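# Descriptive analysis of the structure
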Number of protein chains: 2
Amino acid sequence: MLYQNLANDLLANIEQGLYRPGERLPSVRQLARQRGVSVSTVVSAYQHLETTGQVTAREKSGIYVAIPAQRQIEAPEPSRGSQPTQLQMSDTIARVFAQNRYPDRMHFDLAVPAPSFQPAAQLKAAANRVVRHHFNDSLTLYPSPGDGELRRLIAQRMLACGCQVDAQEIVITNGCQEALLISLQALTQPGDVVAVETPCYYGFLQALESLGLTVVSIATDPVTGMDVQALADDLQRWPIRVCLCSPSYSNPTGACMTEAAKQQLVDLAHRHDFHLIEDDIFGELAHGEDHLKSQQDAFRREQEQRPRPLRAFDRHGRVIYCSSFSKSLSPGLRLGWVAAGEHRLRVMERQRASTTGTSTLPQLQVRDYLKSGHFDKHLSRVRRQYRINIELALSVVAEAFPEGTHATQPQGGFVLWISLPKSAPDALTLLDRAQPEGVCFVPGQVFGLQGLESCLRISVAQPWTEELEGALRILGRLAGDLS
Amino acid sequence: MLYQNLANDLLANIEQGLYRPGERLPSVRQLARQRGVSVSTVVSAYQHLETTGQVTAREKSGIYVAIPAQRQIEAPEPSRGSQPTQLQMSDTIARVFAQNRYPDRMHFDLAVPAPSFQPAAQLKAAANRVVRHHFNDSLTLYPSPGDGELRRLIAQRMLACGCQVDAQEIVITNGCQEALLISLQALTQPGDVVAVETPCYYGFLQALESLGLTVVSIATDPVTGMDVQALADDLQRWPIRVCLCSPSYSNPTGACMTEAAKQQLVDLAHRHDFHLIEDDIFGELAHGEDHLKSQQDAFRREQEQRPRPLRAFDRHGRVIYCSSFSKSLSPGLRLGWVAAGEHRLRVMERQRASTTGTSTLPQLQVRDYLKSGHFDKHLSRVRRQYRINIELALSVVAEAFPEGTHATQPQGGFVLWISLPKSAPDALTLLDRAQPEGVCFVPGQVFGLQGLESCLRISVAQPWTEELEGALRILGRLAGDLS
């Protein structure tokens, strides 16, 4: 049979690594032309390979080499909370990042999209238009709260995911880190108690330490996020003023709270008179689904897929919302925002004291880019790529990491949280061993106070190459060797 | 006499306002052509007008309409210091700036160069080159300490004014405000005592308040700056950890410390084991002199004119140097730096906790601009303009403000400090009266804790027009009416 021969050829190509797992195969027409066979032969060959599980067909997208079926990886155990503590972690965090700062290594540590996962051509076109037609605007200081039109466009996007915001309450910031910092400053005094998830983004801990705040860790599930009941219990014991959290695709775990849990959390804040500072930086990177019936369904499904922020459940002004374009667009922009509600003036005051505001040219560039209407298309492209990369990484973890390794399977974003078996060395030791082999990652210790010694964060926001896959295998081997 | 007729014609033109005080007159050749007379007639006419004081000849620059001789304005009295205080000024500061935020007014409040005092064409060319040839670099995060090449170019400039710095110790910041904030954070804990001049830049006070620091004001002369002996006395009484100061063209007074006083201050810091955080943001804007013999002299004189920073006198690592391109180039860039010496790592740590770093595109744009070699030419152009604007403003103050008004006559920068007679209303009241007449300025109260009620800061970093002059006259009349 002709189609059988073609299927065998393709299989050989896949085994030789000419086409790699997760990669798109030639289209039916391309392949027919390339091999000099009929379209129907190609269709039959692909159907055969799909039946045997070697390729995956994705509606409106193409035929992909299947990612090998994984040994079932369980999610890591939920974490326990800890008592209020004054942090002293910034030295450890600085040391880890100094250690990782080498250009010629494989970087699983950088949780920012590589240039090929950014809309380079469209951002360049936007920069060109601004420089050509509005350059003189860039000479003007746009002090806090920043450009009005950019704030309006951001408010539109927030409305589209269910947040009732007003452009007036939006303050443009130097990335999400400044957004979080000035929000914390607006709501707290040194010594106040702030609740965080365990693990949580190390940038939270740096900000909390630098403001002299006391931190209490709340029990957290690596899949469903913060345990709201545990927070409710802790509220009886400690005078928690603010809860700083990442409800949608947390960094480092990728955990996403259910809508019910989000509603409970907001209600709890209202009942117990504390505030929520929400970091939604990965919210736009929901992986979504491919097997959709029509364009219209696809649109609706994407809307459903992008998790609603905490802020969408807030009817009492309890949530300060922070985000940025660093993960969804480009980290070079350093452009974020706060939707600060009634705390707007205090947040602006804190920004004036810390940076005055943000650079004008990037504000104009992003304003122009958003108006060009390419953002959603870009997002659907990178969401698909991040999902594939997460799947590929998980298949390597299943194969190459020691028995008893657990990992999260995030439904959004591009970071993965791996927990090594008890017998394995702690993550800082593993990092010391991995670096001479040219592999960087972020050890669990920097994401919280305790109980994270056997964990690591892996970021896959970069093209999946043989070298990258090899580096992850090296990490797995080292973790196993050392167990 | 032919030249006499020409001189009379020119005088009439000046009186009609065709040529305004401080403006350049046509060159000798231009005028000869315009009026159909010989070059020697024009030379004689100009010489005659120079003798009678109606025009001023400036070597290598041209003939200018003389600025009317001023009633002698005395400098304001030196301020007294005050005891350590916990600040609560940010509400007042925010209120003043909210009040001033109207586009259709005359803005003496904005201490940033207007677009026409920025090198717009060259900055645009730099932006164009970056977008065209290095756009993909702008997609990359340049986290703290920022781009290496930009830091090297900044270190070169600092070397040229006598500072022994290393590019390694330079950290690129979101404007000078972030530079000051993270330097303070690196050196202090909440509650520590920090010394400042009186008056001092309100941004200092916002930063100090937001960090919970205790402030002690040091007696300060509005011409020669901080009284180093007064600081020495205060060191006996209070545990001062840091002195935050603007030794070269202070904002708001324009005061400049002598080199001897700078040396004494640095020695004092070494002897008494405290640190100096130096704000040198106006240092590049020395007005300099025009009547120079030759190009080589001009170069040497300009070098001499640009005051040496405190950091140039520091042999023991006592000075953290902060500056930015906001006053010298463009405020829209929000690009500053710290030369942090041995405190480099701590400063970087603080920056990571507050903003991670600065936007990449403006870093690349300024790097390219600095390499293009136009900066010094731009500086000598705007320095001349700022000197003329300061002179023009002072001549209006002498004419239109009430008897007993004092003002500084800064030798650099573009802000002026006016002290009204005791009989005049306080500056906040004056602002309330001036705003309905469309005039904005910054009242003295925001620059310090006490004794500044009768003072105002006037910024003249904008083209000097009839409207602007009229607005300053209105201010003088209001100050007089209300006395």
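Definitions and limits used
Residues numbered from 1 in each chain as written. Chains lettered and ligands numbered in written order. Predicted model: local features only at pLDDT ≥ 70, side-chain atom pairs only at ≥ 80, totals over all residues. Heavy atoms only, no water. Contact = heavy atoms within 4.5 Å. Buried area = accessible area lost by both parts, 1.4 Å probe. Salt bridge = Lys/Arg side-chain N within 4 Å of Asp/Glu carboxyl O. Polar contact = N/O pair within 3.5 Å; in protein donor to acceptor, adjacent residues only side chain to side chain. Helix = DSSP H or I, 4+ residues; strand = E, 2+ residues; numbered from the N terminus. Core = buried A, V, L, I, M, F, W, Y, C linked by side-chain atoms within 4.5 Å. Buried < 20%, exposed > 50% of the residue type's maximum accessible area, 1.4 Å probe, protein only. pLDDT = per-residue confidence, 0-100. Arc of directions from axis to C-beta. 1 Å grid on protein atoms, 1.4 Å probe; cavity = no way out; pocket = protein on both sides within 12 Å on 5 of 7 lines; lining within 4 Å. Points joined across faces, edges and corners; volume = space filled by probe spheres on them. Nonpolar A, V, L, I, M, F, W, Y, C, P; charged D, E, K, R; others polar. Least-squares fit on C-alpha atoms with pLDDT ≥ 70 in both.

With that settled, consider the interface of chain A and chain B. At the junction of the two partners, chain A supplies 50 residues and chain B supplies 50 residues. When chain A packs against chain B, close to 4,100 Å² is buried across both sides, 56% of that on carbon and sulfur atoms. Contact with chain B buries surface across chain A, with Leu139(A), Arg334(A) and Ala353(A) losing the most and accounting together for 14% of the total. Taken together, chain A and chain B are joined by zero salt bridges. For the pair chain A and chain B, the interface holds 20 residue pairs in polar contact (both at pLDDT 80 or more). Elements supplying a minimum of two residues to the side of chain A that touches chain B: helix H4 (90-100), helix H5 (120-134), helix H7 (175-187), helix H8 (202-210), helix H12 (344-354) and helix H13 (360-372) of chain A.

Attention now moves to the nonpolar core. Ranked by size, the top nonpolar core spans 288 residues in total, and within it Leu231(A) and Leu231(B) carry the most contacts. At 13 residues, helix H14 (residues 375-400) of chain B tops the list of elements feeding residues into this core. Among all residues touching Leu231(A), those that are not within four sequence positions of it are Ala195(A), Ile218(A), Met226(A), Ile240(A), Cys243(A), Leu265(A), Leu268(A) and Phe274(A).

Glancing now at the confidence of the model for chain A. All names here are of chain A. Chain-level statistics for chain A give a pLDDT mean of 91 and a share of 96% at 70 or above. Confidence drops under pLDDT 50 across residues 290-295; counting only partners more than four residues distant or on other chains, this segment forms nine contacts. Confidence estimates for the predicted assembly give a pTM of 0.89 and an ipTM of 0.87.

This paragraph deals with the side chain of Thr220(A). Residues and elements named next belong to chain A. Tracing the chain through its elements places Thr220 in strand E8 (residues 220-221). A distance of 3.0 Å separates a polar atom in the side chain of Thr220 from the backbone nitrogen of Thr198. Once residues within four sequence positions are removed from consideration, Thr220 is found in contact with Pro78, Ser79, Glu197, Thr198, Gly225, Met226 and Asp227.

Attention now moves to helix H15 (residues 427-434) of chain A. Residues and elements named next belong to chain A. Every buried residue of H15 is listed here: Ala427, Leu430, Leu431 and Ala434. The buried residues of H15 all sit within an arc of 105° when viewed along its axis, so they share a single face. The N-terminus of H15 is capped by Asp426, whose side-chain oxygen sits 3.1 Å from the backbone nitrogen of Leu428.

One water molecule sets the probe size; rolling that probe over the atoms shows where empty space is left. Per the stated rule, a full pass over the model turns up six cavities of 30 Å³ or more. The volume enclosed by the largest cavity comes to roughly 100 Å³. Around the largest cavity sit 14 residues that line it, and Glu284(B), Arg306(B), Tyr321(B), Ser323(B) and Trp337(B) are the ones nearest its centre. Among the secondary structure elements, those contributing two or more residues to the lining of the largest cavity are helix H6 (148-160) and strand E12 (319-324) of chain B. In terms of residues, the lining of the largest cavity owes the most to one element, E12(B), which gives three residues. Of the volumes computed, that of the second largest cavity is approximately 50 Å³. Together, Phe135(A), Ser138(A), Leu139(A), Ser359(A), Leu361(A), Leu123(B), Ser330(B), Gly332(B), Leu333(B), Pro362(B) and Gln365(B) line the second largest cavity. Residues that form the lining of the second largest cavity fall into these classes: six nonpolar, five polar and no charged.

As a further point, take the relation of the copies chain A and chain B. Each copy superposes on the other: chain A lies on chain B with an RMSD of 0.2 Å after a rotation of 180° and an axial shift of 0.1 Å. Accordingly, the operation relating the two chain copies is best matched by a two-fold axis. Both copies contact each other with a shared surface, as 100% of the interface residues of chain A are interface residues in chain B too.

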